[in-house]
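For reference, the chains in residue letters:
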Amino acid sequence: MLWVYGMPGIGKSAIAHSVCHQLHETKQLGGSFFCRRDDPARSETKSVLPTLIYGLAGVFEPYRKQMVQALRDDPQLTPQLASGELFQRVLQSLEVRPLRSLVLVIDALDEC
């Protein structure tokens, strides 16, 4: 885990965007979420996990298959209701690991 902190406006989000770009280029970006206080879609903590699940499922097929199965097994479960427990359980159930480490990036979580 890397935690970047500092005064507002010093470039933390710019660093996060740059890191995401580099990770995407090397196929190591597992997902990202950029919080924004002034954007309703990006100011709710309940949006963070579904976005990361979606991102990871998009780049890592074994995770996508396990998540799809979990959603099929529980018809009441939607990505919006997905919990950290589900996220972790699906990760732990994987028998295959990615060839490279996949990184999840969350920026400005304090704005949610």
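Here the residue numbering is sequential within each chain, running from 1 through the sequence in written order. Confidence filtering applies because this is a predicted model: local features only for residues at pLDDT of at least 70, side-chain atom pairs given and counted only at 80 or more, and all residues used for totals across whole chains, interfaces and linings. As a rule here, side-chain values cover all heavy atoms of the structure and leave hydrogens and water aside.

Naming follows an unreviewed UniProt entry, where the chain appears as Nephrocystin 3-like N-terminal domain-containing protein of Serendipita vermifera MAFF 305830.

**A look at the overall build of the chain**
Keep this limit in mind: Helix and strand assignments come from DSSP, with helices taken as H or I runs of at least 4 residues and strands as E runs of at least 2, each series counted from the N terminus. Only heavy atoms matter for contacts: two residues are in contact if any of them lie within 4.5 Å across the pair. Where accessible areas are quoted, they stem from the Shrake-Rupley method and a 1.4 Å probe; at the residue level, only the protein chains shown are allowed to cover. His residues and chain termini do not enter the charge count, which takes Lys and Arg as positive and Asp and Glu as negative. Charge positions come from single atoms, namely NZ of Lys, CZ of Arg, CG of Asp or CD of Glu.
Within the chain, the regular secondary structure consists of four helices and two strands. If one aligns the C-alpha atoms of the chain with their principal axes, the spans along those axes are about 45 × 30 × 20 Å. For the chain, restricting intrachain contacts to residue pairs at least 6 apart in sequence, the fraction spanning at least 24 positions comes to 64%. Of the roughly 8,100 Å² that the chain leaves accessible, carbon and sulfur atoms contribute 56%. Across the chain, the centroid of the 12 positively charged side chains sits 5 Å from that of the 12 negatively charged ones.

**As for helix 3 (residues 61-73)**
Here is the rule: In this scheme, a helix's expected span is set at 1.5 Å multiplied by one less than its residue total. Three exposure classes are used, based on accessible area relative to the maximum for each residue type with a 1.4 Å probe and protein chains only: buried under 20%, partly exposed in between, and exposed over 50%. As used here, the arc is the angular range of directions from the helix axis to the C-beta atoms.
Counted at 1.5 Å a residue, the expected span for helix 3 with its 13 residues is 18 Å, and the 18 Å between its end C-alpha atoms agrees. Among the residues of helix 3, those classed as buried are Tyr-63, Met-67 and Ala-70. Along the axis of helix 3, the buried residues cluster in a sector spanning 60°; they form a single face. Away from its buried face by more than 90 degrees, helix 3 exposes Lys-65, Arg-72 and Asp-73. Its buried side turned inward, helix 3 meets helix 2 (48-59) and helix 4 (84-93).

**Here's the deal with the nonpolar core**
As a reminder, the rule being used: Here, the term nonpolar core denotes a set of buried Ala, Val, Leu, Ile, Met, Phe, Trp, Tyr and Cys residues that are joined through side-chain atoms within 4.5 Å.
Grouped together as the largest cluster of nonpolar side chains are 13 residues, with contacts concentrated most on Ile-53, Tyr-63, Met-67, Leu-86, Phe-87 and Val-90. Put simply, the parts of the chain that give this core at least two residues each are helix 2, helix 3 and helix 4. If you look at the next biggest cluster of nonpolar residues, it comprises six residues, including Cys-20, Leu-23, Leu-29 and Val-105.

**With respect to the packing of helix 2 against helix 4**
The line we're drawing: Under this scheme, a helix contributes an axis fitted over its contacting stretch, all axes are lines through C-alpha atoms, and angles between N-to-C directions fall in the 0 to 180 degree range. Note that the term roughly parallel is reserved for angles under 35 degrees, roughly antiparallel for angles over 145, roughly perpendicular for angles of 65 to 115, and oblique for everything else. Crossing handedness: left-handed means the near helix sits turned counterclockwise from the far one by under a right angle, and right-handed means the same turn made clockwise. Gly is placed with the polar residues, together with every amino acid not listed as nonpolar (Ala, Val, Leu, Ile, Met, Phe, Trp, Tyr, Cys and Pro) or charged (Asp, Glu, Lys and Arg).
Contact geometry of helix 2 with helix 4 gives a least axis separation of 10 Å together with a crossing angle of 20°. Classified by the angle between their axes, helix 2 and helix 4 sit roughly parallel to one another. Handedness of the helix 2/helix 4 crossing: left-handed. Residue-level inspection shows Leu-49, Ile-53 and Leu-56 of helix 2 in contact with helix 4, the latter providing Gly-84, Phe-87 and Leu-91. Here the residues of the contact of helix 2 with helix 4 are counted per class, giving five nonpolar, one polar and no charged.

**Some details on the pattern of salt bridges**
Quick reminder of the rule: We define a salt bridge as a side-chain nitrogen of Lys or Arg found within 4 Å of a carboxyl oxygen belonging to Asp or Glu.
All told, the structure shown has three salt bridges when counted by the stated rule. The partner of Arg-36 in a salt bridge is Asp-38, with the nearest N and O atoms 2.8 Å apart. For Asp-38, a relative accessible area of 57% puts it in the exposed group. Salt-bridge contacts for Lys-65 lead to Glu-61; the nearest nitrogen and oxygen are separated by 3.3 Å. Of this pair, Lys-65 and Glu-61 are both found in helix 3, four residues apart, which corresponds to roughly one turn of the helix.

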